[in-house]
Amino acid sequence: MRAYELMVIVDSDVDDAGVKAVNERIEQLIVADGGSVVKTDFWGRRRYAYPINHKLEGIYTVLEISTTASNLDEVDRFLRLADDVVRHKLIRLPDAEAERRGLLGAAAEG
Amino acid sequence: MKAKRTTKPRDASRRGGKKKVSVLNSEKIDYVDWKDVNLLRRFMSDRAKIRARRVSGNDSQQQREIARAIKNAREMALLPYTSRVTTQRGRPSRDRDDDGERRPRAPRESATEEFEPLTDVEGTESEDVVEVEA
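Caption draft 1: Focus on the overall build of chain A. When helices and strands are tallied, chain A shows four helices and four strands. Reading the secondary structure of chain A in the N-to-C direction produces β-α-β-β-α-β-α-α. Residue burial in chain A is summarised as follows: out of 110 residues, 42% are buried. Looking at chain A alone, contacts between residues at least 24 apart form 73% of all its contacts between residues at least 6 apart. Of the accessible surface of chain A, which amounts to about 5,900 Å², a share of 46% is contributed by carbon and sulfur atoms.

Shown next, in the form of structure tokens:
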């Protein structure tokens, strides 16, 4: 099991239901591969540091994920294709940091 | 990646002042989170450039992690790539921000103005003297 961190920016024109749909789809894809979303941190609307697509803000969500290696290709593909998703970033958390946040332990239980 | 932190005993090579200590050392941060905008901003200049190691006091590992984190944060629009600094006319104040960064110059036609503050200072000084004597 490895810990990952996924940040997703959804377009600010998308309504709450749309954002929820994106997040649920991500979780669905991860669970389907035997992983789990340990923590979902919904930041909400946040101003960009610079305009993206002529928009000044986006809806941010950070997910902490625990899954086996390279099961996230499908998630990445979905995020790249999804029109509502402005940007996303998937980062492998170093084991030490994952442990500190309790990601690996929680994965063993779930 | 764990950054090895050794305090260098030889700070005599540094010209004047004491050895710079990175915020990462003084606040005992062992994982540079790319989402921590407030932390990363402290390693950027007001024009949003990444501060040099000699300014930030980072060792090479720390500097690499900071740079990586800032670049990640930039991609996600958490931090700017550039930010304009408003210029005030006249002599640029040389503040303690010694990162060797070129401050925007005043417009071209005021290039000669750079000498004026000097003469002004002298002028007022001599006036003061006259007043005291009178």
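Caption draft 2: The arrangement of helix 1 (residues 16-32) of chain A in detail. Residue and element names in this part refer to chain A. With 17 residues, helix 1 extends 24 Å between its outermost C-alpha atoms, agreeing within 8% with the 24 Å of an ideal straight helix rising 1.5 Å per residue. All buried positions along helix 1 are accounted for by Gly18, Val19, Val22, Asn23, Ile26, Leu29 and Ile30. Looking straight down helix 1, one finds that the buried residues subtend no more than 135° of arc, so they occupy a single side. Away from its buried face by more than 90 degrees, helix 1 exposes Asp16, Ala17, Lys20, Gln28 and Ala32. Those residues of helix 1 hidden inside the fold are in contact with strand 1 (2-11), strand 2 (36-52), strand 3 (55-67), helix 2 (73-81) and strand 4 (85-92). Count one or two residues on from helix 1 and you reach Gly34, which has phi positive near 85°.

Caption draft 3: Focus on the side chain of Thr61(A). Within the element layout of this structure, Thr61(A) appears in strand 3. Look past the residues within four positions of Thr61(A) in its chain and what remains in contact with it is Leu6(A), Met7(A), Val8(A), Asn23(A), Thr40(A), Asp41(A), Phe42(A) and Trp43(A).

Caption draft 4: Layout of the interface of chain A and chain B. Of the residues lining the interface, 20 residues belong to chain A; the matching set on chain B comes to 15 residues. Summed over both sides, the interface between chain A and chain B buries roughly 1,500 Å², with carbon and sulfur atoms accounting for 63% of that surface. For the chain A face of the interface with chain B, the top three residues by lost area are Ala49(A), Tyr50(A) and Lys89(A), together amounting to 34%. Between chain A and chain B we count three salt bridges in total. Between Lys35(B) and Glu5(A) there is a salt bridge, with its nearest N and O atoms 2.6 Å apart. Between chain A and chain B we count nine residue pairs in polar contact (both at pLDDT 80 or more) in total. Secondary structure elements with two or more residues in the side of chain A that touches chain B: strand 1, strand 2, strand 3 and strand 4 of chain A. For the side of chain A that touches chain B, the residue count by class is 12 nonpolar, one polar and seven charged.

Caption draft 5: Just the pairing of strand 2 of chain A, in detail. All names here are of chain A. When strand 2 meets strand 3, the two strands line up antiparallel, connected through 11 bridges. Within the sheet, the bridge partner assigned to Arg45 lies in strand 3 and is Ile59. In this structure, the hairpin formed by strand 2 and strand 3 is closed by a connection of two residues, where Asn53 is found at a positive phi of approximately 50°.

Caption draft 6: How the structure looks around the packing of aromatic side chains. The full count for this structure, using the stated rule, is three aromatic pairs over all chains. Relative to Tyr81(B), the ring of Tyr50(A) lies with its centre 5.3 Å away and its plane at 55°, an arrangement referred to as tilted. One end of the pair, Tyr50(A), is in strand 2; the other, Tyr81(B), is in the loop between helix 4 (60-75) and helix 5 (116-133), on a second chain. Grouping aromatic residues by their ring pairs yields a cluster made of Trp43(A), Tyr48(A) and Tyr60(A). Over the face of the ring belonging to Phe78(A) we find Arg25(A), whose NZ or CZ atom lies 5.8 Å from the ring centre. Looking at Arg46(A), its charged tip hangs above the ring of Tyr60(A), at a distance of 5.9 Å from the centre.

Caption draft 7: Local environment of the pattern of salt bridges. Under the counting rule described, the total for this entry stands at 15 salt bridges over all chains. Between Asp95(A) and Arg92(A) there is a salt bridge, and its shortest N-O distance comes to 3.1 Å. Looking at Arg92(A), the relative accessible area reads 36%, which means it is partly exposed. Via salt bridges that share partners, Glu5(A), Glu64(A), Glu97(A), Arg100(A), Arg101(A), Asp33(B) and Lys35(B) belong to a single interconnected network.

Definitions and limits used
Residues numbered from 1 in each chain as written. Chains lettered and ligands numbered in written order. Predicted model: local features only at pLDDT ≥ 70, side-chain atom pairs only at ≥ 80, totals over all residues. Heavy atoms only, no water. Helix = DSSP H or I, 4+ residues; strand = E, 2+ residues; numbered from the N terminus. Buried < 20%, exposed > 50% of the residue type's maximum accessible area, 1.4 Å probe, protein only. Contact = heavy atoms within 4.5 Å. Areas by Shrake-Rupley, 256 points an atom, 1.4 Å probe, with all protein chains shown as cover. Expected span 1.5 Å × (residues − 1). Arc of directions from axis to C-beta. Buried area = accessible area lost by both parts, 1.4 Å probe. Salt bridge = Lys/Arg side-chain N within 4 Å of Asp/Glu carboxyl O. Polar contact = N/O pair within 3.5 Å; in protein donor to acceptor, adjacent residues only side chain to side chain. Nonpolar A, V, L, I, M, F, W, Y, C, P; charged D, E, K, R; others polar. Pairing = 2+ DSSP bridges. Phe/Tyr/Trp six-rings, centres within 6.5 Å; stacked < 30°, edge-to-face > 60°. Lys NZ or Arg CZ within 6 Å of the ring centre and 35° of its normal.

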